[in-house]
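Spelled out from the first residue to the last, the chains are:
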Amino acid sequence: MQCVFQADNVVEAELVKGLFEAHGIACHSGGFYLQGAVGDLAASGFAKLWVADEDAGKALTLVEEYERGAFQIADDEPADDAD
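The structure reproduced in this document is the subject of the present report. (Residues numbered from 1 in each chain as written. Predicted model: local features only at pLDDT ≥ 70, side-chain atom pairs only at ≥ 80, totals over all residues. Heavy atoms only, no water.)

For the chain, the count of helices and strands is two helices and three strands. In the chain, the succession of helices and strands from N to C terminus is β-α-β-β-α. Counting all 83 residues of the chain, 27% fall into the buried class. Within the chain, counting contacts between residues at least 6 apart in sequence, those at least 24 apart form 66% of the total. Summed over all atoms, the accessible surface of the chain reaches about 5800 Å², with 50% contributed by carbon and sulfur. (Helix = DSSP H or I, 4+ residues; strand = E, 2+ residues; numbered from the N terminus. Buried < 20%, exposed > 50% of the residue type's maximum accessible area, 1.4 Å probe, protein only. Contact = heavy atoms within 4.5 Å. Areas by Shrake-Rupley, 256 points an atom, 1.4 Å probe, with all protein chains shown as cover.)

Before going further, it helps to examine helix α2 (residues 56-68). When the terminal C-alpha atoms of α2 are compared, their 18 Å separation across 13 residues agrees well with the 18 Å that a helix rising 1.5 Å per residue should span. For α2, the set of buried residues is Ala-56, Ala-59, Leu-62 and Val-63. When α2 is viewed along its axis, its buried side chains cluster within an angular range of 125° and face the same direction. Among the structural elements, β1 (2-6), α1 (10-22) and β3 (48-51) are those in contact with the buried residues of α2. Phi for Gly-69, located one or two positions after α2, is positive at around 90°. (Expected span 1.5 Å × (residues − 1). Arc of directions from axis to C-beta.)

Another point: α1. The terminal C-alpha atoms of α1 lie 18 Å apart, and with 13 residues this matches the ideal 18 Å at 1.5 Å per residue to within 8%. At its buried positions, α1 is contacted by β1, β2 (27-30), β3 and α2. The opening residue of α1 is Asn-9, an N-cap whose side-chain oxygen sits 3.1 Å from the backbone nitrogen of Val-11. The positive-phi residue at the C-terminal boundary of α1 is Gly-24, with phi of around 80°. (Polar contact = N/O pair within 3.5 Å; in protein donor to acceptor, adjacent residues only side chain to side chain.)

And the structure:
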């Protein structure tokens, strides 16, 4: 397994994990509980995502697209309603 993403926080890690899974990449996340050991210091960068070696290239491509903002919803684009 390879670590392909180090998130700023747990929410971002889960968001990217969902992106991977939506593209058929199994993902393991971890490091979330290390934030509690930091105490009063700013906690970031503890949440990491790992994928199988054979999925690393595809996952890294998705990370690059995510960091470029390729998956953002435009301000003038209506959000899909679940109703």
